[in-house]
Amino acid sequence: MSDKRKDPLEILRLLFTDQPDLLRILTLRHLESEGLLGAYREEGGLFASPAVTCVTGRTSAGKTTIGNLLFGRAVMPSTGRMNCTDYIGSLLLRSNLCYIDTPGAGSNENYENITRLALGLPLLGRLPAPTMKVRDYRPDDPDIYDDFTIPAEEWPERSGAYRPDVIVYVIAPHQGFGRDDGHFLEDMLTVHGAKVVICLNRFRRSGVDLFTPENLLDARAEVGKVYRRVFPDGEIQPRFVEMDALGGLGIGDLTREICRTLPAAKLGKVQAVLDGELKEFAARERDRRHRRVLHRIAARLALYTVDQHLGDADVLAEAATAVAQHTAVTFDGMDALAKVDTEIGNLVETEVGKARDLRTESVTTDRVETRERPIYHRTPRIETFESTSYIKDVRHRVVKEKQQKGFFGFVGAYFEAGVDHVAEALGGNLDPESHARINARARERTYDTVERTVAEEYQTPVQRIEQRVTGYDEEIIATVTEVVSVVPEVVGKRSLAGGVPVIELLVGVGHGVRRHLAGDGSGVEACVAAAQQQAELALHPERTRLDRLAHEGGQAEAAIVGVLDDRLAGM
């Protein structure tokens, strides 16, 4: 277990940003203060008669904050600025504690004179005596109060109800303690002596101390100087109380000093409450709140998967360790951390491993064996072919023929052909060419032209062009995967929501560490195991429901808390 993280709640604060107050570690001192504040507001007659406690000090030291702490809510204005109170505020609680709030000292002289007049101190010179403004708050309804004024000259006679039994002088150490503070305290000690209690109000902002240890030492030293000036023989020594007025821490210590200062006749039963009832109340309240916190941490972690991480941080392992550390600080203070770190480290690692195993399941898938099959595109090859065929047919045509007429016909034709040249022929003057021409013409005229029909056969050629598929060309255009077989196969692990195992782990660690620190004689491992077994038995009837709720997510967190508060109330 590494001790690199000094704050045991670091991981839990990251998980509970929505509930920052849940993880506030409350010591018995804190819880006693809370119980005492409740007694102040609710228990009649805690003091036998009104115990008038006047709170004063420098402006913005936290006087009004203490008053609001007693009220239980912000009633008196407290701005944190200079001079935020310009009246005497009075509240008589049911317990008979009468709280008197005063304006601040050391800043506005008129305001300081109101405080000086209220306490019967010498007024600051060269200023008119103030008229006292008084505001009386009603304990049943602090929003309602009575305002009235008292002239300065009438104050001594009318101030009986506001005359202090105890004066609480509040100092904010981080503001220092100056010369004006010293003069005011000196005047107050001169008049009231042993009635004064010095309250060192330790301011914090956003969880960070505004004071240093040196501031506290310096404040004590400066106050001591004033006491020695007023009481050089040392018959009265300063009584210091350290408190955090805003957080309520230290109200019990302040009450004890008030009781030391009050007359015995006014104490009533407050001392018995301080010595007995508050301690019992604080012990019971610590157990109750620790159980409440533990249940809420377990309920939220039950919703996270058991392998959840925040950055590099293993959420479950870190949270389990933080629960152990938170328990140690709650029950045994910061000194217990080293002891828990030594003894809890290996145990947490082992128990977290067991919870993870219970909330982790195998992830299976079907292993599919496949093969690739090509897809072809077939393109036909097409060729063109030409051919000639013949169609037989009969065609009739008229034929003209010449038919010879005979000899006389020839003579006659000759005569007709050459009648124009007969004289020339008889006279013997007909030239050979003319003679030939006449003969040809005469021969033509010896024939008659006759017609006859002739039937003839013929063939008509027909040219044919046709395309034929002569084959195919194939091309692979894609491949497809075909399933050959399906075989189940484990491929990994899946983490589930923590559910009941995580609840039992965290509850067991928290209660086990508490039992171990209480000194029951068993080692931390045995105490944690016994607490886990007790939690398991108590949650068994609700186990199915809790696991179902864990899987429903964030909206089921409140229901899980309800089950744990009910079933684990006796742990």
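- The protein chain is annotated in an unreviewed UniProt entry as G domain-containing protein from Actinoplanes campanulatus.

1. Some points on the confidence of the model for the protein chain
Part 1 of the reasoning: Here the protein chain averages 85 in pLDDT, and 89% of its residues register 70 or above.
Part 2 of the reasoning: The spread of mean pLDDT over the elements of the protein chain runs between helix α13 (residues 422-426), the lowest at 52, and helix α18 (residues 557-567), the highest at 96.
Part 3 of the reasoning: Low pLDDT, under 50, characterises residues 1-6; the stretch is placed with 9 contacts to residues that sit more than four places away or in other chains.
Part 4 of the reasoning: Here residues 78-84 scores under 50 on pLDDT; set against residues more than four positions off or in separate chains, the count is 15 contacts.

2. Focus on the environment of S107
Part 1 of the reasoning: Its location among the elements puts S107 in the loop between β3 (97-101) and α4 (109-119).
Part 2 of the reasoning: Accessibility expressed as a relative area gives 29% for S107, which makes it partly exposed.

3. Re empty space enclosed by the protein
Part 1 of the reasoning: What the rule picks out here adds up to 5 cavities of 30 Å³ or more.
Part 2 of the reasoning: Within this model, the largest cavity holds a volume of roughly 70 Å³.
Part 3 of the reasoning: As for the largest cavity, its lining consists of Y40, T53, V55, I66, L70, L97, Y99, V168, I251, L254, T255 and I258.
Part 4 of the reasoning: At the level of secondary structure, the elements contributing two or more residues to the lining of the largest cavity comprise β1 (51-57), α3 (63-71), β3 and α8 (251-261).
Part 5 of the reasoning: In terms of residue count, the dominant contributor to the lining of the largest cavity is α8 (4 residues).
Part 6 of the reasoning: In the lining of the largest cavity, the residues fall into 10 nonpolar, 2 polar and no charged.
Part 7 of the reasoning: Roughly 50 Å³ of volume is contained in the second largest cavity.
Part 8 of the reasoning: The wall of the second largest cavity is formed by R58, A61, Y169, V170, I171, A172, Q175, G176, F177 and D181.
Part 9 of the reasoning: In terms of residue count, the dominant contributor to the lining of the second largest cavity is strand β6 (residues 166-171) (3 residues).
Part 10 of the reasoning: Looking at the lining of the second largest cavity residue by residue, the classes come out as 6 nonpolar, 2 polar and 2 charged.

4. Topic: the packing of aromatic side chains
Part 1 of the reasoning: Per the counting criterion, the structure on display carries 5 aromatic pairs.
Part 2 of the reasoning: The interplanar angle of 10° and the centroid separation of 6.2 Å between the aromatic rings of Y40 and F47 together place this pair among those described as stacked.
Part 3 of the reasoning: Over the ring of Y87 we find R135, and its NZ or CZ is 4.4 Å from the ring centre.
Part 4 of the reasoning: Above the plane of the ring of F240 lies R220, whose end atom (NZ or CZ) is 4.6 Å from the centre.

5. Concerning the nonpolar core
Part 1 of the reasoning: Ranked by size, the top nonpolar core spans 59 residues in total, and within it I297, I503 and L506 carry the most contacts.
Part 2 of the reasoning: For this core, the secondary structure elements donating two or more residues are α1 (10-15), α9 (270-301), α10 (315-332), α11 (336-358), α15 (499-517), α16 (524-539), α17 (543-552) and α18.
Part 3 of the reasoning: For L506, the residues in contact, after removing those within four places along its chain, are L294, I297, A298, L301, A319, A320 and V323.
Part 4 of the reasoning: Judged by nonpolar contacts, the second largest core, of 38 residues, contains Y87, I251, I258 and C259.

What counts and how
Residues numbered from 1 in each chain as written. Predicted model: local features only at pLDDT ≥ 70, side-chain atom pairs only at ≥ 80, totals over all residues. Heavy atoms only, no water. pLDDT = per-residue confidence, 0-100. Helix = DSSP H or I, 4+ residues; strand = E, 2+ residues; numbered from the N terminus. Contact = heavy atoms within 4.5 Å. Buried < 20%, exposed > 50% of the residue type's maximum accessible area, 1.4 Å probe, protein only. 1 Å grid on protein atoms, 1.4 Å probe; cavity = no way out; pocket = protein on both sides within 12 Å on 5 of 7 lines; lining within 4 Å. Points joined across faces, edges and corners; volume = space filled by probe spheres on them. Nonpolar A, V, L, I, M, F, W, Y, C, P; charged D, E, K, R; others polar. Phe/Tyr/Trp six-rings, centres within 6.5 Å; stacked < 30°, edge-to-face > 60°. Lys NZ or Arg CZ within 6 Å of the ring centre and 35° of its normal. Core = buried A, V, L, I, M, F, W, Y, C linked by side-chain atoms within 4.5 Å.

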